[in-house]
Amino acid sequence: MPSRREGGERAEATPSDPAALARAYYDALDAGEYDRLASLLDPDFVQRRPNRTFEGRERFVAFMRDERPNTDTTHAVDGVYPSGPGVAVRGRLLDADGEVLFAFVDVFDAAGGRLTALETYAAADD
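The present account deals with the structure reproduced in this document. Computed from a predicted structure; not experimentally measured.

**A closer look at the nonpolar core**
Core analysis: the biggest nonpolar cluster contains 27 residues, and Tyr-25, Leu-37, Leu-41, Phe-60, Met-64, Val-89 and Phe-108 have the highest contact counts within it. Breaking this core down by element, the ones donating at least two residues are α1 (18-31), α2 (34-40), β1 (41-49), α3 (57-67), β3 (74-81), β4 (86-94), β5 (100-111) and β6 (114-124). Residue contributions to this core peak at eight residues, all from α1. Setting aside residues up to four positions removed in sequence, Phe-108 forms contacts with Ala-22, Tyr-25, Tyr-26, Gly-86, Val-87, Val-89, Leu-115, Ala-117 and Leu-118.

Written as structure tokens, this is what we have:
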């Protein structure tokens, strides 16, 4: 499923642009392109979220590919805040019908042209 980005264009990651890496992350995840997703992540990538932590690129990609409760989702990116050594993204996770599952803020760290860490903050849409 194509992602719903600002402007609708596919994000291309460049090593010196953490914001482009973050956009490419959502594009790869939403499209189910797990090899592409893995290529964006450092081997020691860590994601921390309210209910769990994933350590290592392979573990994170395996979860996203094989274990997520709902893979028919799209990340609607509402804002990208590129200041600093990483990038913050504000958005909403949408189900297949376009209904909001929850709002999120993701804070990415990047180094060496790859995403090295992700801290996810999520809130239910009331």
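**Points about the layout of surface pockets**
As a volume, the largest pocket reaches approximately 460 Å³. Arg-49, Met-64, Arg-68, Leu-93 and Phe-102 are the residues nearest the centre of the largest pocket, which is lined by 21 residues in total. Sorting the residues of the lining of the largest pocket by element identifies α1, β1, α3, β5 and β6 as the ones contributing at least two each. The element that contributes the greatest number of residues to the lining of the largest pocket is β5, accounting for four residues. In terms of residue class, the lining of the largest pocket is made up of 11 nonpolar, six polar and four charged.

**Brief notes about a nonpolar patch on the surface**
The grouping of Val-105, Val-107 and Tyr-121 at the surface amounts to a nonpolar patch, some 240 Å² of accessible area in total. As for its placement among the helices and strands, Val-107 is situated in strand β5. Take Val-107: its relative accessible area is 34%, and that puts it in the partly exposed class.

**Thoughts on the pattern of salt bridges**
Counted under the stated rule, the structure contains five salt bridges. Arg-57 serves as the salt-bridge partner of Glu-58, at 3.4 Å between the closest nitrogen and oxygen. Accessibility expressed as a relative area gives 17% for Arg-57, which makes it buried.

So, how was this worked out
Residues numbered from 1 in each chain as written. Predicted model: local features only at pLDDT ≥ 70, side-chain atom pairs only at ≥ 80, totals over all residues. Heavy atoms only, no water. Core = buried A, V, L, I, M, F, W, Y, C linked by side-chain atoms within 4.5 Å. Buried < 20%, exposed > 50% of the residue type's maximum accessible area, 1.4 Å probe, protein only. Helix = DSSP H or I, 4+ residues; strand = E, 2+ residues; numbered from the N terminus. Contact = heavy atoms within 4.5 Å. 1 Å grid on protein atoms, 1.4 Å probe; cavity = no way out; pocket = protein on both sides within 12 Å on 5 of 7 lines; lining within 4 Å. Points joined across faces, edges and corners; volume = space filled by probe spheres on them. Nonpolar A, V, L, I, M, F, W, Y, C, P; charged D, E, K, R; others polar. Patch = residues over 30% accessible without salt bridge, like charges linked within 9 Å, V, L, I, M, F, W, Y side chains within 5 Å. Areas by Shrake-Rupley, 256 points an atom, 1.4 Å probe, with all protein chains shown as cover. Salt bridge = Lys/Arg side-chain N within 4 Å of Asp/Glu carboxyl O.

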